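Working through the structure, step by step
Residues per chain, in single letters:
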Amino acid sequence: MSMWLFHCKKITPIFAAFSILITHNGYSQKYFQQQVNYVIDVSLDDNNHELRAHETIIYKNNSPNTLNFIYIHLWPNAYKNNSTVLAKQLIAEGNTALYYSSEEERGYIDGLDFKVNEDGVKWELLKDTIDVCKLFLNSPLVSGDSIIISTPFKVKLPSAKISRLGHIGQSYQITQWYPKPAVFDKDGWHYMPYLNQGEFYSEFGSFDVRITLPDNYVLGATGDMIDAEHELDWLNKKVEETKQISSFDTADMDFPPSSSTNKTLRFVQNNVHDFAWFCDKRYHVLKGKSITPYSNNQVTTWAFFTNAQAHLWKKSINYMNDAIYYYSLWNGDYPYKNCYAVDGTIAAGGGMEYPNITIIGSAHSAFYLDHVITHEIGHNWFYGMLGSNERMHPWMDEGMNSFNDNRYLETLYPDQKLLGDMANSKISRLLDLSDYKHKWENELYYLLNAVKGEDQALNLPAEEFTSLNYGGMVYSKSALAFDYLMAYVGEQNMDNVMQAYFDEWKFKHPQPEDFRKVVQGELRGDLNWFFDDLLSTNKKLDYKIVFVFQYEDESWDVGIKNVGDITAPIFLHGIKNGKVVTKVMHSGIANKGVIGVPPSDVDYFVIDYDNDMLELNRNNNYIRTKGLLKKVEPIKFQFIGSLDHPNKTQLSYMPVIGWNAYNNWMFGLALHNTTLLQKKLEYQLVPLYSPNVNDVAGYGNVTYNLFPKTGLVSRIAIGAKAKRFAQNTTLFDLNYNKVAPELGITFRNKRATSPFTHKLEFQHVRLINDVIGLNIITTTTGNEVVYNKLINKINFNVLRYELSKKHVVKPYNIRVEMQQSEDVYKTSLTAKYSINYKEKRKGFDARFFAGAFVATSANDAGAYRFRMSGQAGYQDYLFNHTYLGRNETNGVWAKQFTETDGAFKIFSPLGQSAEWLMALNLKSSLGNLKLPLNVYIDMGVSAPDGRLAETLLYNAGASLSIYKNVFEIYFPILFSQGFTDYHNANGIDYVETIRFVLNFNLLNPFEAIRNLEL
């Protein structure tokens, strides 16, 4: 004991010092919240699209810490150049609007002259981001004290085509526009660059903002307009005028001239953490009121909109009133006096939220407008009053809010279908799309990546999600998880939870553990499946029914197996004549178990008939009570294709027609199971009949996919491809037959947002070709030539490694390939790099190829030699590509080639080598021409060729790019002497040198579905 006390005495001062250090750096554990109050005077220059303003901030330090500096967000600088964090994120997402924008379209903040308590202070932009600065205080700000920070500033407004802040003409969206102190809480400073994906975290306080602008602008803003009777009278008059308009002229979208006189409007609001405003001279105005259910607070609702979609906005006040009422009913009353929804052009998608006001983009239907308005108004609770850190915990605002807006839609639109007004159309019924309710949209977005194991856990910071996962997980999975919880605990208990959370944490900064504490306090059950699994991991929920047994008293036992990773509640439904006759709720089964069902007359049992659970695979949730093959769902022969129906086994088919020079017209039927959701077993079988040769043709693919949950590999694809087509009909109906078993391995990236793809592929190619043989037979009348139809069998092994970088501006691809067949060993490297210009499909492309034979003599290479001029149809010895006239040597179909090997656009046998070949291919768009016209140059060298005097071959010309990399026509203009000599010697005229690429591999409709990005 004395030894322990001795050590304690020695250690205690160290711990005390360490504790002070932690507290000083902002990591104390007790909750506190800074107070930031703003007074801003701002004027709009609508000629130069600028703001000129002065800001005063009263910053109170409620922390136990002494502050020597304060981080300030200068978010308009995010739009200043291509080096900002925002610019880099947008490019990574495939968004080039900012990257290609002109100086006129970009924006920034300047004219800053910070003072603290009227004394100048030192400040500097952060080195890694110009939209955050560090303000050094002249004297420490101790706990409990306040300082006054002031500065003038000017904002050059960017184009709203590229930003949430900005303008389109003289329509203004003024958001994140003023210097704003970063949050300092128990975890330290939370300064952050502006991002498109990953939103905000700001201190609560009050705003007193005066806005000066021309008289004829309609202005909506955060807060209450005070001392503005004249303005309110003017708005009320516009309301009456709007009500009288029966038809809006959608073609009339011109801006009227600005008034020569200005007005200054003052907006005041407490308990908010942001201030935004929007104005337009074309706005129509509607006004209403919503009464909150508990406090009977009257909220004035305002809708501002242009002619563009006025027919939809006519009912917008109803949408706003309903949204405020239901969100208040479920979560707690809206406490403010005003709420605005404004029509505007933004780069943020459907809409964007700010305290008391939201901006809405274009809507394609009244239902969609209601949905977006409700979602954005809902953010007044989840982001607004419950000010969670959206950058670190995006599910706490987008997820909770999406759960509420889905609940709103199910309440007001219980019969709404996924396709809306099109749900009952002929095409919808034909494609079996009429049954899907709107709620299934969330499940689809979640499953797109979840079925492939590419989903991400919800507890990640916003910027770590891929774009698809940000929607599919943060919005959709979160909403489904909360819906699942509500289905388990009941609506009243869910309301109690959300209202308790709101009452305790409104106007504060709750963390995930704070929300969990409230939930556990209200519900007191075992909710680890919800918090530790659904919200914290990418584990999957997947139950399956394995058997059903009925006792003499007509009760049932239903056997359940957990084939997923989560033990969570199960909802088992018994269905009779299409209606639920019994429902049993079970707390969860870890491995195998039995759920007892009371006596009932049931046609079949199904897990989660109401789609409340986050099931990964619903096709194993079904069992009939009678008959054979009880677990096989009703089979649906589906024309063309559909979405994955949870209650049907779909067999899709569609008629197919094809053509080539030998089979001529072919007719057949495609059988497939390809949909948006990737399956473990996928197939596409396309048998065709060719009347021209009275024979069968076609192709097919079968793939079995494995998605390892951890480790170096993210996907293993085992499968086979096969095809059969005619290749000549001159003497015989000659066919080629190809069967290629293959193995593909995709390696896992350390970061899900990595733009790189690493693949390793092995393919065994088995070719059985009909060829023509000939014999010279001596007869009594002389020698005769006899042609024979022979069979040629070829086996090739192909090993390929591919590294790709997906980038909207500068993508590249590197492929290393080895081929082996009997005595032939062949290796090659192909590297492609592109720089894309602003115009769609315009840019500069570079390709480098190097290939060599290993331990193979020139005589053995034969038909497998490298080709400087790429591959014509008859040179495609692996039959990898589709040619309309595979063995043609004259005529239009002989001009089709594939850009492989040397990829020279001009045809010639020159440069063919059995040893090695290298080539460089360059292609560029022609300036800003609207025509899809390119110029190209090819250069190459190869092993010595006795037909050539040159060591370097080249050709150059122009190309017409009808569809880049799919259909391009090449017109040679310049080429080296060897090509000229070859053409002269063989009588080849200029027209014969024109060639084209027609890449059917990239036109595969099944691949198009698989590569679809939402």
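Position numbers for residues start from 1 in each chain and track the written sequence from start to end. Whole-chain, interface and lining totals are the exception, using all residues; otherwise, since this is a predicted model, local features are given only for residues with pLDDT of at least 70 and side-chain atom pairs are given and counted only at 80 or more. With hydrogens and water excluded, all non-hydrogen atoms of the structure serve as input to the side-chain values.

Here we come to the state of the cysteines. Among covalent bonds in proteins, the disulfide is the one between the sulfur atoms of two cysteines. Note on terminology: pairs of cysteine sulfur atoms within 2.5 Å are recorded as disulfides. Tallied over the entire structure, the rule returns zero disulfides. Here C339 stays unpaired: no disulfide links it, and the sulfur of C279, its closest cysteine neighbor, is 18 Å away. Per-residue accessibility, obtained with a 1.4 Å probe over protein chains only, is compared with the maximum for each type, and a residue is labelled buried under 20%, exposed over 50%, and partly exposed between these values. With relative accessibility at 1%, the residue C339 sits in the buried group.

On to the pattern of salt bridges. Definition used for salt bridges: Asp or Glu carboxyl oxygen within 4 Å of a side-chain nitrogen of Lys or Arg. Evaluated as defined, the whole model comprises 40 salt bridges. We note a salt bridge from R52 to E50, for which the minimum N-O separation is 3.0 Å. Among the residues examined, E50 registers a relative accessible area of 12% and is labelled buried. Close ionic contact of K648 with D432 constitutes a salt bridge, the shortest N to O distance being 3.2 Å. Note that K648 is positioned in the loop between β32 (635-639) and β33 (649-660) and D432 in the loop between α8 (426-430) and α9 (440-450), a separation of 216 residues in sequence. The class of D432 is buried, set by a relative accessible area of 8%. Helix and strand assignments come from DSSP, with helices taken as H or I runs of at least 4 residues and strands as E runs of at least 2, each series counted from the N terminus.

What follows deals with the pairing of strand β9 (residues 146-156). Bridge count between strand β2 (residues 50-60) and β9: eleven bridges; the pairing is antiparallel. Each bridged residue has a counterpart across the sheet, and for L51 the counterpart in β9 is V155. Criterion used throughout: strands pair if DSSP finds at least two bridges between them. Sheet analysis places strand β4 (residues 108-110) next to β9, joined by three bridges and oriented antiparallel. By the bridge assignment for β9, I109 is matched with V155.

Inspection of the secondary structure puts N769 in strand β39 (residues 756-779). Residue class for N769 comes out buried when judged on its relative accessible area of 5%. Throughout, a contact is declared for two residues whenever any of their heavy atoms are within 4.5 Å. Ignoring anything within four residues of it in the chain, the contact list for N769 reads Q727, N735, Y736, N737, L790, I791, N792, I794 and F879.

Sheets are built from strands that pair by backbone hydrogen bonding, the pairs being arranged parallel or antiparallel. Ordered by their spatial adjacency, five strands build an open sheet running β20-β21-β22-β24-β23, and the pairing between neighbours is mixed. One side of each edge strand has no neighbouring strand; the edge strands of this open sheet are β20 (284-291) and β23 (351-354). Strand-to-strand twist of the sheet, defined as the mean angle between neighbouring strand axes without regard to direction, takes the value 15°. Relative to strand β21 (residues 298-305), β20 is paired through eight bridges, and the arrangement is antiparallel. Across the sheet, residue H284 finds its bridge partner in β21, namely F305. Where helices are involved, their axes are fitted lines through C-alpha atoms of the stretch in contact, as for all axes, and angles between N-to-C directions lie from 0 to 180°.

This brings us to a nonpolar patch on the surface. Residues L669, L671, L681, L685, V702, Y704, L706, I718, L743, F762, L799 and M818 make up a contiguous nonpolar surface patch of roughly 930 Å² in combined accessible area. For the nonpolar patch, the secondary-structure elements that each account for two or more residues are β34 (664-672), β35 (681-690) and β36 (695-706). Per-element tally for the nonpolar patch: the top contributor is β36, with three residues. Relative to the assigned elements, L669 resides in strand β34. A patch consists of residues whose relative accessible area exceeds 30% and which take part in no salt bridge; residues with like charges are grouped when within 9 Å of each other, and nonpolar side chains (Val, Leu, Ile, Met, Phe, Trp, Tyr) when within 5 Å. Here the Shrake-Rupley method, with its probe set to 1.4 Å, supplies the accessible areas, and only the displayed protein chains count as covering residues.

Mapping N401 onto the fold places it in helix α7 (residues 398-412). In this structure N401 touches Y327, H375, G378, H379 and F382, once residues within four positions along its chain are discounted.

Between the rings of Phe, Tyr and Trp (Trp by its six-membered ring), a pair exists once the centres lie within 6.5 Å; its type follows the angle of the planes, with under 30 degrees stacked, over 60 edge-to-face, and the other angles tilted. Per the stated rule, a full pass over the model turns up 68 aromatic pairs. Centre to centre, the rings of Y178 and F207 are 5.8 Å apart; their planes meet at 75°, and the pair counts as edge-to-face. With Y178 in the loop between β11 (171-174) and β12 (180-181) and F207 in strand β15 (residues 205-214), this residue pair connects regions lying 29 residues apart in the sequence. Y178 gets classed as buried once you look at its relative accessible area, which sits at 2%. For F207, a relative accessible area of 1% translates into the label buried. Note on F305 and W313: the rings are 5.9 Å apart at their centroids and 20° apart in plane angle, and the pair reads as stacked.

Bringing the packing of α7 against helix α10 (residues 467-489) into the picture now. The interhelical angle for the contact between α7 and α10, taken along N-to-C directions, is 60°, at an axis separation of 7 Å. In this view, α7 runs oblique relative to α10, as classed from their interaxial angle. Helix-helix and strand crossings are classified by hand; for α7 and α10 the assignment is right-handed. Between α7 and α10, the residues in contact are E398, G399, M400, S402, F403, N406, R407 and E410 and Y470, V474, Y475, S478, A479, F482, D483 and M486, respectively. Polar here means any residue other than Ala, Val, Leu, Ile, Met, Phe, Trp, Tyr, Cys and Pro, which are nonpolar, and Asp, Glu, Lys and Arg, which are charged; Gly is therefore polar. Across the contact of α7 with α10, the residue classes tally to eight nonpolar, four polar and four charged. Roughly parallel means an angle under 35 degrees; roughly antiparallel, over 145; roughly perpendicular, 65 to 115; everything else is oblique. In a left-handed crossing the near helix is turned counterclockwise from the far helix by less than a right angle, and in a right-handed crossing that turn is clockwise.

Quick look at helix α3 (residues 229-244) now. Every helix has an expected span of 1.5 Å times one less than the residues it contains. With 16 residues, α3 extends 23 Å between its outermost C-alpha atoms, agreeing within 8% with the 22 Å of an ideal straight helix rising 1.5 Å per residue. Looking at α3, one finds that the buried residues are E231, L235, K238, V239 and T242. Take α3 and look down its axis: the buried residues cluster within an arc of 110°, on one side only. Exposed and oriented more than 90 degrees from the buried face of α3 are E229, H230, D233, K237 and Q244. In this structure, the buried side of α3 is in contact with β16 (218-221), β17 (224-226), β18 (262-272), β20 and β21. As used here, the arc is the angular range of directions from the helix axis to the C-beta atoms.

A word on the sheet that holds strand β31 (residues 622-624). On the basis of which strands lie adjacent, the open sheet formed by four strands has the order β28-β27-β30-β31 and antiparallel pairing. Of all strands in the sheet, those bounded by a partner on one side alone are β28 (579-586) and β31. For this sheet, the mean angle separating the axes of adjacent strands, direction not counted, is 20°.

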